[in-house]
Amino acid sequence: MTTITDIAQALGITPSTVSRALAGNPRVKEQTRLAVEKKAAEMGYERNVVASNLRKGRSNIVGIVVPRVRREFFANFIGGAEDVLSGAGYNVLICQSQESLDAEIRALKALRNYRVAGVLISHSVESLSGKHIREIMGDLPIVQFDRVFPDVPGAKIVGANCDGAYQATRHLIRQGYRRIGTIAGYMSCMAFVERLAGYRMALEDAGMSYDESLVYKDSILYDTGKASAQKAFANGCDALYCCGDYAALGAMDAAREAGLGIPEDVGIVGTANEFWASLMAPALSSVSQHPFDMGRAAALAFLEGRTGTEVIPMELNIRESSKKV
């Protein structure tokens, strides 16, 4: 790789002059700066960003840590955040934990070593507290989103999870379903705890009893969602509110294999409003979390140095999988 010293030797000037010229230092004459930039281009010089960050102790890079990049929710969140950050002169470095605590820790350490300016993070399901985030990142600006820990300082951008689950469950009740279960997700994640609370509240407000045997936890993926739905249908459930769309997809396949019509025999509602939800047959009802807006809000919270919690509304999209009436 071409170095600053190589450029200096080619031009017969000092490396410090080359360094100042490339940094746009006003102490360097315009003629010298243009000569340095031209020679640097000719020699294929590329600035060592990592070394520069180490010298300055900071960078114009913001790290984003998500459980799974392939999920529509997280992909759209990244799009919203990058839209704001790039306009403010920041670049984005994306890491995924694959729902692993160990991978999340490695990602945070790598971002710290890159001297990122801040981190936007949604923790993995294996993360049971924010202790590792605090210890690794120190006083670096942190914005949590979707899945958050109260004990981590900084801004928190969350969805209106309780209200979203309430809307979905109330809709199933109004469609005439009477034994409504839920595929509730991991209780280590506050977002899923809040969705379970919304589900329960809707039942109780309608005068229906909350039955713990109809609550199926730790199911957010297709396979676990399908297994939970099989148990639910065997237990007499005629509807399911699912904490995620992939669990809902598993539930729909479980219903078909059991010979149950959707929505005639069972109604199903998911959460996240993945792009494929409206393309299925029958199309999947789902609660949208507006992740693009959440990404923009998280980026603005970082740029403005805000703390506190901001709640993004959630919206029920009613489609054929639950529209019996």
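Residues numbered from 1 in each chain as written. Predicted model: local features only at pLDDT ≥ 70, side-chain atom pairs only at ≥ 80, totals over all residues. Heavy atoms only, no water.

S.K.: Give a detailed account of the nonpolar core, specifying residues and quantitative values.
M.R.: In this structure, Ile180 and Tyr199 are the most contacted members of the largest nonpolar core, which totals 41 residues. Counting only elements with at least two residues in this core, the list comes to α8 (161-174), β6 (180-185), α9 (190-205), β7 (215-217), α10 (222-234), β8 (239-242), α11 (245-257) and β9 (267-271). Per element, the largest residue contribution to this core is six residues, and it comes from α11. Discounting chain neighbours no more than four positions away, the residues touching Tyr199 are Ala165, Tyr166, Thr169, Ile180, Gly181, Thr182, Tyr210, Leu214, Val215 and Tyr241. By size, the runner-up hydrophobic cluster in this structure holds 23 residues, among which are Ile64, Ala81, Leu85 and Ala297. (Core = buried A, V, L, I, M, F, W, Y, C linked by side-chain atoms within 4.5 Å. Buried < 20%, exposed > 50% of the residue type's maximum accessible area, 1.4 Å probe, protein only. Helix = DSSP H or I, 4+ residues; strand = E, 2+ residues; numbered from the N terminus. Contact = heavy atoms within 4.5 Å.)

S.K.: Before we move on, could you go through the packing of aromatic side chains and cite the residues and values that matter?
M.R.: The final tally for this structure, using the stated rule, is six aromatic pairs. Ring plane angle 65° and centroid distance 6.1 Å describe the contact between Tyr199 and Tyr210, whose orientation is recorded as edge-to-face. Remark: Tyr210 occurs in the loop between α9 and β7 and Tyr199 occurs in helix α9; sequence separation between them is 11 residues. Using a relative accessible area of 18% as the deciding quantity, one classes Tyr210 as buried. Members of the aromatic cluster, each reached through a chain of ring pairs, are Phe73, Phe74, Phe77 and Phe145. (Phe/Tyr/Trp six-rings, centres within 6.5 Å; stacked < 30°, edge-to-face > 60°.)

S.K.: I'd love a proper account of the sheet that holds strand β4 (residues 142-145), names of residues and values included.
M.R.: Ordered by their spatial adjacency, six strands build an open sheet running β2-β1-β3-β4-β5-β11, and the pairing between neighbours is parallel. Here the strands that pair on one side only, and so sit at the sheet edges, are β2 (91-96) and β11 (308-312). Across the sheet, the axes of successive neighbouring strands diverge by a mean angle of 20°, strand direction being ignored. Across the sheet, helix α5 (residues 72-87) touches β1 (61-66), β2, β3 (118-121) and β4, and the angle it forms with β1 is around 165°. (Pairing = 2+ DSSP bridges. Axes fitted to C-alpha atoms, helices over the stretch in contact; angles between N-to-C directions.)

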